[in-house]
Amino acid sequence: MKIPRLLKLAPPVAIGIGAAAWLISTAEPPARIDQSERSVVARTVIAEMTRVRTTVRGYGNVQAARNWEAVAEVAGTIVWRHPDLETGNIIGEGTKVLRIDPTGYELAIAQAEADLAALEADAAQLGVDEANTSRLLALEEDRLTLAEAELARVRDLSERGVAAQSTLDAQERTTLQVRRGVEELRNANALIPSRRARLEAQVARTRTILARATHDLHKTDISAPFDLRISEVRVEHHQFVSAGQSLVAADDIGQAEITAQIPVDSFRRLLSGATGNGPMTISDLSERFAYIAAEVRLVSDPSQTWTGRLVRVESALDPQARSVPAVIAVDDPYAGANPPLRLPLVPNMYVEVILTGPEEPARITLPDGAIHEGNVVYLRNEEGRLEVRTVSVDWRQSGIVVLDGGIAAGEEVVTNDLMPAIPGMIVEPAEGSE
């Protein structure tokens, strides 16, 4: 029963085998591809010796180079206030902005002047007294001479019994009285220098009081010490102020400063390029700063720039950021201001600082993209084949790499990242290669 079923399947199987054999016999054989050498198209540049300027960037807030805070040195009531003394206004140098009531100090000056006049009158009277006492003393001394001579004569007569004892006693009393008068005048004359010294001391004290009162009177007028912009007014008209009270705060408009944080390595390279490779000392920092150009750029509007100069470095480094706080000064930050097209450089602006050193000796420089991982560079040698070489990178900035060795001038460097980079394969320069 099973054999007839197998016979029924035989014809279809035979037909399928025959069709397969026909298809195989009539099919075309696989195409043969000749093996060719691998090549790649890439952009290249010629390595050249280039003089590069070190450029470093930092950011910081603008602040005034000088601040002024007016503090009352005398107490009193504000009797006058400048009409432009308001926050944001600009006040010129020497402009009086406030006046404290001077009445008390003017009265103190008048009193001191009156006391001084009285003392000068006393000194003049003392001079007259000295002259009078000297004249009286001379007269009394002459009287004493006569009295003593008369006493000697009367004593002689008394010893000879010619004159009575009462006459001698009377002459002695007269002589003693004259002698006492002379001593009193001498004592009075001796006190003249001490009286004069006392008067001179009183005069000096009164002159000091007068000078202090005059000095206090000058302190009642408060004027701007330089061109400034008012940042805060802390007093009103008719307000009483005490000595030591803060009245006005303002910023100098003649110069602005920015403290920018610069990486330590970049700043060291900037300074070393300023005057060569010689040893650097503290005394020659200012000289090195003079070779460094500074540009200040507003972060919110990079088209607005100011020319600055590096003036100093603050005393302490930032231990966390490993950065140098470099101070850049901008002279006349309000020059050319035309808000809103051109803004003045005012405090609290956030700006970018670009420091540029002088040209350094020529070095091999390459685009940053030509340096691959591990400081590897792809070269196209004279035969047009790929060569892989490791180079020594000195430093990088603004998309370029400055090499310390590994490539000579004139060699052709591949700037593309080849995948895979097989040494020896043919490199075809792309159109537009430099």
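For the structure, check the block above.
Residues numbered from 1 in each chain as written. Predicted model: local features only at pLDDT ≥ 70, side-chain atom pairs only at ≥ 80, totals over all residues. Heavy atoms only, no water.

Enquirer: How would you sum up the nonpolar core? Please name residues and give values.
Expert: Core analysis: the biggest nonpolar cluster contains 33 residues, and Trp68, Leu98, Ile222, Leu228, Ile230, Leu247 and Val248 have the highest contact counts within it. Elements represented by at least two residues in this core include exactly β5 (67-71), β8 (96-100), α2 (103-159), α3 (165-218), β10 (228-233) and β12 (246-252). Residues within four places of Trp68 in sequence aside, it is in contact with Val97, Ile222, Ser223, Ala224, Pro225, Phe226, Leu228, Val248, Ala249 and Ala250. Membership of the second largest hydrophobic core comes to 29 residues, among which are Ile258, Val264, Leu270 and Phe289. (Core = buried A, V, L, I, M, F, W, Y, C linked by side-chain atoms within 4.5 Å. Buried < 20%, exposed > 50% of the residue type's maximum accessible area, 1.4 Å probe, protein only. Helix = DSSP H or I, 4+ residues; strand = E, 2+ residues; numbered from the N terminus. Contact = heavy atoms within 4.5 Å.)

Enquirer: How would you summarise the side chain of His372 if you had to cite specific residues and measurements?
Expert: As for its placement among the helices and strands, His372 is situated in the loop between β18 (363-367) and β19 (376-380). In this structure His372 comes out as buried when scored by relative accessible area, which is 11%. Discounting residues that sit within four places of it in the chain, His372 has contacts with Val377, Tyr378, Val414, Asn416 and Asp417.

Enquirer: Please set out the sheet that holds strand β16 (residues 323-331) residue by residue, giving values where relevant.
Expert: Within the closed barrel, the 6 strands sit side by side as β4-β13-β16-β15-β14-β17. Their pairing is antiparallel. The mean angle between the axes of side-by-side strands here comes to 40°, regardless of whether they run parallel or antiparallel. The sheet strands contacting helix α4 (residues 264-272) are β4 (53-64), β13 (255-263), β15 (305-313), β16 and β17 (350-359), and the helix crosses β13 at an angle near 110°. (Pairing = 2+ DSSP bridges. Axes fitted to C-alpha atoms, helices over the stretch in contact; angles between N-to-C directions.)

Enquirer: Outline α2, listing residues and values.
Expert: Look at α2: 81 Å from first C-alpha to last across 57 residues, which is about the 84 Å you get at 1.5 Å a residue. In the segment just after α2, Gly161 is the residue with positive phi, at about 85°. (Expected span 1.5 Å × (residues − 1).)

Enquirer: Provide a residue-level description of the packing of aromatic side chains, including the pertinent values.
Expert: Under the defined criterion, the tally for this structure stands at 1 aromatic pair. Both rings, one in Tyr59 and one in Tyr350, keep their centres 5.9 Å apart while their planes meet at 20°; by these two values the pair is stacked. With Tyr59 in strand β4 and Tyr350 in strand β17, the pair connects residues that are 291 residues apart, well separated along the chain. For Tyr59, a relative accessible area of 41% translates into the label partly exposed. Residue placement shows Arg66 over the ring face of Phe226; its charged tip is 4.0 Å from the ring centre. Positioned over the ring face of Trp80 is Lys96, at 5.3 Å from the centre of the ring. (Phe/Tyr/Trp six-rings, centres within 6.5 Å; stacked < 30°, edge-to-face > 60°. Lys NZ or Arg CZ within 6 Å of the ring centre and 35° of its normal.)

Enquirer: Explain the packing of α2 against α3 to me, and be specific about the residues and the numbers.
Expert: Contact pair α2 / α3: the axes reach a minimum separation of 7 Å and the direction vectors enclose 165°. In terms of axis orientation, α2 runs roughly antiparallel to α3. Two packed elements cross with a definite hand, and for α2 against α3 that hand is left-handed. The residue makeup of the contact of α2 with α3, split by class, is 26 nonpolar, 12 polar and 20 charged. (Parallel < 35°, antiparallel > 145°, perpendicular 65-115°, else oblique. Left-handed = near helix turned anticlockwise from the far one by under 90°. Nonpolar A, V, L, I, M, F, W, Y, C, P; charged D, E, K, R; others polar.)

Enquirer: Report on the pattern of salt bridges, specifying residues and quantitative values.
Expert: Side chains carrying opposite charge are able to pair once their charged atoms draw close together. All chains considered together, the criterion is met by 30 salt bridges. Across the pair Arg51 and Glu359 runs a salt bridge, and its minimum N-O distance is 3.0 Å. Of this pair, Arg51 sits in the loop between β3 (48-50) and β4 while Glu359 is found in strand β17, placing the two residues 308 residues apart along the sequence. On the basis of relative accessibility, which here comes to 48%, the residue Arg51 falls in the partly exposed class. Close ionic contact of Arg186 with Glu183 constitutes a salt bridge, the shortest N to O distance being 3.3 Å. Here Arg186 pairs with Glu183, and both are found in helix α3, just 3 residues apart, close to one helical turn. A relative accessible area of 36% means that Glu183 is categorised as partly exposed. A single salt-bridge network, built from bridges that share partners, covers Glu69, Glu232 and Arg234. (Salt bridge = Lys/Arg side-chain N within 4 Å of Asp/Glu carboxyl O.)

Enquirer: Kindly report on the pairing of β8, identifying the contributing residues and their values.
Expert: Note that strand β6 (residues 76-81) and β8 share 3 bridges and pair antiparallel. Bridged to Ile78 within β8 is Ile100. Pairing of β8 with strand β9 (residues 221-223) involves 3 bridges; the strand directions are antiparallel. Paired with Arg99 across the two strands is Asp221, which belongs to β9.

Enquirer: Report on the environment of Pro302, specifying residues and quantitative values.
Expert: Tracing the backbone shows Pro302 in the loop between β14 (293-298) and β15. On the basis of relative accessibility, which here comes to 48%, the residue Pro302 falls in the partly exposed class. It is 8.7 Å that separates the C-alpha atoms of Pro302 and Glu352, two residues lying 50 residues apart in sequence.

Enquirer: How would you sum up the environment of Thr95? Please name residues and give values.
Expert: If you trace the backbone, Thr95 turns up in the loop between β7 (90-91) and β8. A relative accessible area of 25% means that Thr95 is categorised as partly exposed. Between the C-alpha atom of Thr95 and that of Pro225, which follows or precedes it by 130 residues, the distance is 8.2 Å. Setting aside anything within four residues of it in sequence, one finds Thr95 in contact with His82, Ile222, Ser223 and Ala224. At 3.0 Å, the side chain of Thr95 forms a polar contact with the backbone oxygen of Gly92. (Polar contact = N/O pair within 3.5 Å; in protein donor to acceptor, adjacent residues only side chain to side chain.)

Enquirer: I'd like a description of the environment of Thr133, backed by residues and values.
Expert: Locating Thr133 in the fold gives a position in helix α2. Overall, the relative accessible area of 13% leaves Thr133 in the buried class. Here the alpha-carbon distance between Thr133 and Leu185, two residues 52 residues apart in the chain, equals 6.4 Å. Once residues within four sequence positions are removed from consideration, Thr133 is found in contact with Leu185, Ala188 and Asn189.

Honestly, that's just the spatial picture; any functional story needs more than this.
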